[in-house]
Amino acid sequence: MIIIMKPNSNEEQISSVVSYVRQHDLEVHLSTGKEVTIIGVVGNKDKINPEHLASMKDVERILPVTESYKLANKKFHPEPSTVKAGNTTIGPGNLTIMAGPCAVESEEQLMLIARAVKKAGATFLRGGAYKPRTSPYSFQGLEEEGLRYMQNAKKETGLSTICEVVSLEAIEAAVKYVDMIQIGARNMQNFILLKEAGRSGMPVLLKRGLSATIEEWLNAAEYIIAEGNPNVVLCERGIRTFETATRNTLDISCVPVLKEKTHLPVIIDPSHSTGSYKYVPSMAKAGVAAGADGLMIEVHNNPACALSDGPQSLTFEKFAKLTSELRPFCQLVERDF
Ligand code: PEP
Ligand code: MN
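Described in the following lines is the structure provided in the data block. All figures in this text were calculated on a predicted structure; none of them were measured in a lab.

This part covers the sheet that holds strand β4 (residues 59-63). The strand order β2-β3-β1-β4 describes an open sheet built from four strands, whose pairing is antiparallel. Of all the strands in the sheet, just β2 (27-32) and β4 have a single pairing partner and so form its edges. Strand-to-strand twist across the sheet, computed as the mean angle between neighbouring axes with direction ignored, equals 20 degrees. With four bridges joining them, strand β1 (residues 2-5) and β4 adopt antiparallel strand pairing. Note on β4: the bridge partner recorded for Ile3 is Ile62.

Bringing the state of the cysteines into the picture now. By the definition in use, this model includes zero disulfides. Cys163 carries a free sulfur, and the closest cysteine sulfur to it, the one in Cys102, is 11 Å from it. Given a relative accessible area of 0%, Cys163 falls into the buried group. Cysteine Cys330 is unpaired, with the sulfur of Cys235 as its nearest cysteine sulfur at 17 Å. Residue Cys330 is classed as buried on the basis of its relative accessible area of 2%.

The next point concerns the packing of aromatic side chains. Considering all chains together, one arrives at one aromatic pair under this definition. Relative to Tyr223, the ring of Phe191 lies with its centre 4.5 Å away and its plane at 25 degrees, an arrangement referred to as stacked. With Phe191 in helix α6 (residues 191-200) and Tyr223 in helix α7 (residues 214-225), this pair connects stretches of sequence that are 32 residues apart. The side chain of Arg327 reaches across the aromatic face of Phe337, ending 4.1 Å from its centre.

Turning next to the site of ligand 1. In the neighbourhood of ligand 1, the contacting residues comprise Cys102, Arg126, Lys131, Glu164, Gln182, Gly184, Ala185, Arg186, Lys207, Arg237, His272 and Glu298. Between ligand 1 and Lys131 there is a distance of 2.9 Å, counted from an oxygen atom to a side-chain nitrogen or oxygen. His272 is positioned with one of its side-chain polar atoms (N or O) 3.3 Å from an oxygen atom of ligand 1. Within the complex, the protein chains bury 96% of what would otherwise be the 300 Å² of accessible surface of ligand 1.

With five of five residues buried, strand β7 (residues 96-100) lies mostly within the body of the structure. The alternating pattern of β7 places Thr96, Met98 and Gly100 on one face and Ile97 and Ala99 on the opposite face, and all of these are buried. As paired elements, β7 and strand β14 (residues 294-298) share five bridges and run parallel to each other. Bridging across to β14, Ala99 finds its partner in Ile297. Of the strand pairs in this sheet, β7 and strand β8 (residues 124-126) are connected by two bridges, and their pairing is parallel. Its bridge partner being in β8, Ala99 is matched across the sheet by Leu125. Of the crossover connections in this fold, the one passing from β7 over helix α3 (residues 107-119) to the parallel β8 is right-handed.

What counts, and where the lines are drawn
- Residues numbered from 1 in each chain as written.
- Chains lettered and ligands numbered in written order.
- Predicted model: local features only at pLDDT ≥ 70, side-chain atom pairs only at ≥ 80, totals over all residues.
- Heavy atoms only, no water.
- Pairing = 2+ DSSP bridges.
- Helix = DSSP H or I, 4+ residues; strand = E, 2+ residues; numbered from the N terminus.
- Axes fitted to C-alpha atoms, helices over the stretch in contact; angles between N-to-C directions.
- Disulfide = S-S within 2.5 Å.
- Buried < 20%, exposed > 50% of the residue type's maximum accessible area, 1.4 Å probe, protein only.
- Phe/Tyr/Trp six-rings, centres within 6.5 Å; stacked < 30°, edge-to-face > 60°.
- Lys NZ or Arg CZ within 6 Å of the ring centre and 35° of its normal.
- Near = heavy atom within 4 Å.
- Polar contact = N/O pair within 3.5 Å; in protein donor to acceptor, adjacent residues only side chain to side chain.
- Areas by Shrake-Rupley, 256 points an atom, 1.4 Å probe, with all protein chains shown as cover.
- Right-handed = clockwise from strand over helix to strand, strands pointing away.

Have a look at this one:
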């Protein structure tokens, strides 16, 4: 449930409501807006007497939160959240562009790509050091060595860095080298990994599972936040449908739906959702127009020779052309880029 306090209620009234709730072994999450404070309550609400609560001074209204996700719920936190990672702020007013190779292949390759994406306006370098591949015989990633290259690329370019993690061991390594960790589509409901990501305290990019509903996705985010880590960003990367003309189907409508249901920032990945470099620019623009807070785009110095996801990777020229074309879209939706 949420307790909505009267506009401009004073600290003392807010604290007495908070203490009443805490006395009954329930958890409290405060959202302090410009005028209104909302007290979110998590736990078995049968323990408290709603009439007593409603009669407390400055309590305006008590509303049930019927959704199973609470901390990710917009009702708990009506203002959109901002997530900070490295030198970058993801959230309202900005368009965050994360770009880089699907997989970190070598230090030279990563440096070349880092310089090119930075020049074209990206603020984040992406690069997979642990690759969850469909086939066990495909390139699996450079692991910790790849993370070290990410750290070096950050030192040289100042870009913030993000890398996918697939295990507790990978999280423990990633916290030493990168600014943000990514939970991939295949692990969206790996609840042990979600909890560990929550405990790591690192900002987390949570990709949507291949066949996950928005509600399942928000519950996955709840697992991370429930560990005390509110720094979660959602990433739509296409879902599996009957359509085979694209690798996945970009569910662009998830952006307005998520904006209604959650305060968490949302970014669009036009690379994995289409599977072809040809469709990436249109879907990137659609994502910005729909209200996304950012984009994650695969870029490679030589897509034809990439060790993974070459067909969907943009060349440096195509990426620079796309970012220049995105600027007018950003102006229309009032986002800095
Ligand atoms: C990736 O970002 O390289 C990746 C594997 O993405 P997804 O989990 O969306 O397939
Ligand atoms: Mn990829």
